[in-house]
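Structural overview for review
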Amino acid sequence: MPTVEASAPGQPSTTSPPIPFDAPELRAVLRRPARALEVVLAERPRLAASIAAADHSWQLAGILALCTAVASLPYGFVLGAASFWKVAVLYGGSVLLCLPSLHVFGAYLGSHLQPVQNLALSLVVASVAALFTLGFAPVVWFLEATMAQGDWIDAGDASVALLAGALAAGLAQLTRCAGLDRLLLPCRSSRWVLVAWQALVVFVALRMARALDLLG
Amino acid sequence: MSLGRHGALAQLAATAAGGGLYGFAIGAGKNLTYAWRSAVKFPLLLLGTAVLCAVACFVLARFLGAPLRCLDVQRAAFGLFRNVAVMLGSLSPVSLFLGRTMARPDAQSLGGYPAFVGVNMLFLALAGSVALVLQARTLLVAHRVPWRRSAAVVVSWLLLSLLVGGQLAFWLRPFFGIASLTGEPPFLLGDEPTVTGARNFYEVVWQFVTGADPGDYTRGR
């Protein structure tokens with residue numbers, strides 16, 4: 001398993017460029033789901049390098065999509081047995097709806113990323129947000145159990161705040177990843193595309209949350 | 001740094017003992033019933049907060065770039081609560097003394113109760129701040145996490161713990177004994193409204209921040 005020596009997670013190496021994840025490493029996530037946390041959250045330089053390298057983009061996109069679907073399940077079940085799918089659709093659906101705009105605007109303004117690379121980049125947002133909801137699931141269960149309905153602030157409001165916080169973490173991770181590799185943000189206009197696209201994702205996610213009845 | 005089963009049990013015992021002592025002290029300001037109940041509830045508050053936040057703490061640590069394993073995070077987070085419990089335990093004689101000597105609340109006035117609660121909030125803030133600095137230093141040295149990153153991790157844990165622990169404390173109240181000036185008190189009040197109408201911790205904070213007049217509140221149900 002390739003590793004980057006002298007490089008703490010989250011910090012670009014000063015001695016050698018980060019090594020993209022190879023196929024066995026990505027497959028290992030399926031055998032050890034906890035490894036998804038490392039791939040998606042902790043090893044940012046390698047994640048950015050993997051998206052930029054485009055060697056195993058479909059596999060990486062698959063892992064990120066699976067991570068989005070699975071990690072958001074506990075939170076979904078806390079919201080209600082019939083709503084178990086809603087959190088995954090909230091994040092996954094929102095970024096997928098915005099994916100074409102990222103690709104097209106990016107291509108017009110100097111990006112040379114393939115559609116699958118943009119797909120992986122978009123799914124970083126959804127998978128990080130989903131992993132955060134995994135952490136928040138016990139918290140929201142507790143809030144549901146202890147906060148009375150119909151007051152000025154109730155468990156539904158708290159849940160909305162947690163979902164928004166998870167989305168903010170996903171967007172922050174995307175910004176940090178994109179900033180780590182020149183191929184992902186080749187010029188200043190690409191940076192503006194990314195900022196505008198994130199605003200679009202927030203807007204769409206808000207509408208999606210309303211459509212899915214997640215805003216209470 | 002390895003912590004075996006006995007080490008974990010010792011940590012748990014220290015949290016229960018420190019938190020229990022402090023709980024007993026703050027409850028004793030009212031009477032023995034409150035004292036024993038708070039002795040049980042205060043460790044529950046600390047441990048419950050730690051358990052509820054466990055997964056989120058790990059996710060936050062990895063997100064913020066701390067190269068910690070899940071077990072390391074649980075140790076650090078539980079260590080934070082153990083330190084708070086032990087420090088509060090050391091302050092329990094002071095709290096007991098203050099509680100037993102304050103001017104008693106009665107039907108006309110709250111007596112020394114607000115000052116007693118205020119001092120104990122100060123104790124909590126003090127213990128929390130010191131435990132925070134200690135834990136940041138532990139992370140820095142033992143896991144070679146850069147100072148700014150470890151501070152960010154611990155601050156995020158503290159904020160999360162405050163938001164979850166605040167609601168758990170609200171749900172487990174009363175700790176100090178003001179809830180029933182007369183009559184047999186319930187073990188916990190859950191989502192019963194406060195005198196200002198707040199039914200959860202966040203509403204208490206909201207009322208405090210907006211400075212709303214309790215008289216203005218009309219319940220929507």
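1. Considerations on the overall build of chain B
Looking only at helices and strands, one finds six helices and zero strands in chain B. A compact globule built from 221 residues would reach a C-alpha radius of gyration of about 17 Å, and chain B, at 19 Å, matches this within 12%. Principal-axis analysis of the C-alpha atoms places the extent of chain B at approximately 55 × 40 × 25 Å. Of all 221 residues assigned to chain B, the portion counted as buried reaches 43%. In chain B, once contacts between residues fewer than 6 apart in sequence are set aside, the share between residues at least 24 apart is 65%.

2. Let's talk about the overall build of chain A
In terms of regular secondary structure, chain A is built from nine helices and zero strands. Mapped from its N terminus to its C terminus, chain A presents α and β elements in the order α-α-α-α-α-α-α-α-α. For a compact globule of 216 residues, the expected C-alpha radius of gyration is about 17 Å, and chain A comes in at 18 Å, within 12% of that figure. In terms of overall dimensions, chain A has C-alpha extents of about 55 × 40 × 25 Å along its principal axes. When each of the 216 residues of chain A is scored for burial, the buried share is 48%. Contacts spanning at least 24 positions in sequence make up 73% of the contacts within chain A whose residues lie at least 6 apart.

3. As for the interface of chain B and chain A
Tallying the contact residues gives 22 residues for chain B and 24 residues for chain A. Going through the elements one at a time, α2 (32-63), α5 (147-172) and α6 (201-210) of chain B are the ones with two or more residues in the side of chain B that touches chain A. When residues of the side of chain B that touches chain A are assigned to their parent elements, the largest contribution, eight residues, is made by α2 of chain B. Grouping the amino acids of the side of chain B that touches chain A by side-chain chemistry returns twelve nonpolar, five polar and five charged.

4. Remarks on the domain arrangement of chain B
Here chain B is partitioned into domain 1 (5-178) and domain 2 (191-221). Distance from the C-alpha centre of domain 1 of chain B to the C-alpha centre of domain 2 of chain B: 25 Å.

5. Focus: the environment of tyrosine 113 of chain B
Secondary-structure assignment places tyrosine 113 of chain B in helix α4 (residues 113-142). It is 9.4 Å that separates the C-alpha atoms of tyrosine 113 of chain B and glycine 177 of chain B, two residues lying 64 residues apart in sequence.

6. Brief notes about the packing of helix α2 (residues 35-42) of chain A against helix α4 (residues 57-71) of chain A
All names here are of chain A. With their axes 11 Å apart at the nearest point, α2 and α4 run at an angle of 110° to one another. The angle between α2 and α4 falls in the class roughly perpendicular. Listed contacts from α4 to Ala36, Val39 and Val40 of α2 are Ile63, Leu64 and Cys67. For the contact of α2 with α4, the class distribution of residues is six nonpolar, no polar and no charged.

7. Describing unusual backbone geometry
Of note, the amide linkage connecting arginine 173 of chain B to proline 174 of chain B takes the cis form, showing an omega dihedral of 10°. Following the sequence through the fold, proline 174 of chain B ends up in the loop between α5 and α6. A positive phi angle, close to 65°, is found at alanine 54 of chain A, a residue other than glycine. Relative to the helices and strands, alanine 54 of chain A resides in the loop between α3 (44-53) and α4. Residue classification places alanine 54 of chain A among the partly exposed residues on the basis of 16 C-beta atoms within 10 Å. Backbone geometry at aspartate 213 of chain A places phi at a positive 65°, although glycine is not the residue there. With respect to the helices and strands, aspartate 213 of chain A occurs in the segment after α9 (188-211).

8. Digging into the packing of α2 of chain B against helix α3 (residues 70-101) of chain B
Residues and elements named next belong to chain B. Relative to each other, α2 and α3 sit at 145°, their axes nearing to 9 Å. The two elements α2 and α3 meet at a crossing, and its hand is right-handed. Contacts between α2 and α3 involve Pro43, Leu46, Thr49, Ala50, Cys53, Ala54, Cys57, Phe58 and Ala61 on the former and, on the latter, Cys70, Val73, Gln74, Ala77, Phe78, Phe81, Val84 and Ala85. Among the residues forming the contact of α2 with α3, the class breakdown is 15 nonpolar, two polar and no charged.

9. Some thoughts on the confidence of the model for chain A
Across chain A, the average pLDDT comes to 88, with 91% of residues at or above 70. Predicted confidence for residues 1-10 of chain A stays below pLDDT 50, and this span has 21 contacts to residues more than four positions away or in other chains.

10. Digging into the nonpolar core
One recurring pattern in soluble globular proteins is that nonpolar side chains are buried together. Val40, Ala129, Leu131 and Val139 of chain A together with Cys57, Val59 and Leu60 of chain B are the most contacted members of the largest nonpolar core, which has 122 residues in total. Sort the elements by how many residues they give to this core and helix α7 (residues 115-146) of chain A lands first, with 19 residues. Ignoring any residue separated from it by four or fewer positions in sequence, one finds leucine 131 of chain A in contact with Leu37, Val40, Leu41, Cys67 and Ala71 of chain A together with Val59 of chain B.

Rules of the game
- Residues numbered from 1 in each chain as written.
- Chains lettered and ligands numbered in written order.
- Predicted model: local features only at pLDDT ≥ 70, side-chain atom pairs only at ≥ 80, totals over all residues.
- Helix = DSSP H or I, 4+ residues; strand = E, 2+ residues; numbered from the N terminus.
- Rg over C-alpha atoms; globule rule 2.2 N^0.38 Å.
- Buried ≥ 20, exposed ≤ 12 C-beta atoms within 10 Å, placed from the backbone.
- Contact = placed C-beta atoms within 7 Å.
- Nonpolar A, V, L, I, M, F, W, Y, C, P; charged D, E, K, R; others polar.
- Domains from an automatic or database assignment.
- Axes fitted to C-alpha atoms, helices over the stretch in contact; angles between N-to-C directions.
- Parallel < 35°, antiparallel > 145°, perpendicular 65-115°, else oblique.
- Left-handed = near helix turned anticlockwise from the far one by under 90°.
- pLDDT = per-residue confidence, 0-100.
- Core = buried A, V, L, I, M, F, W, Y, C linked by C-beta atoms within 7 Å.

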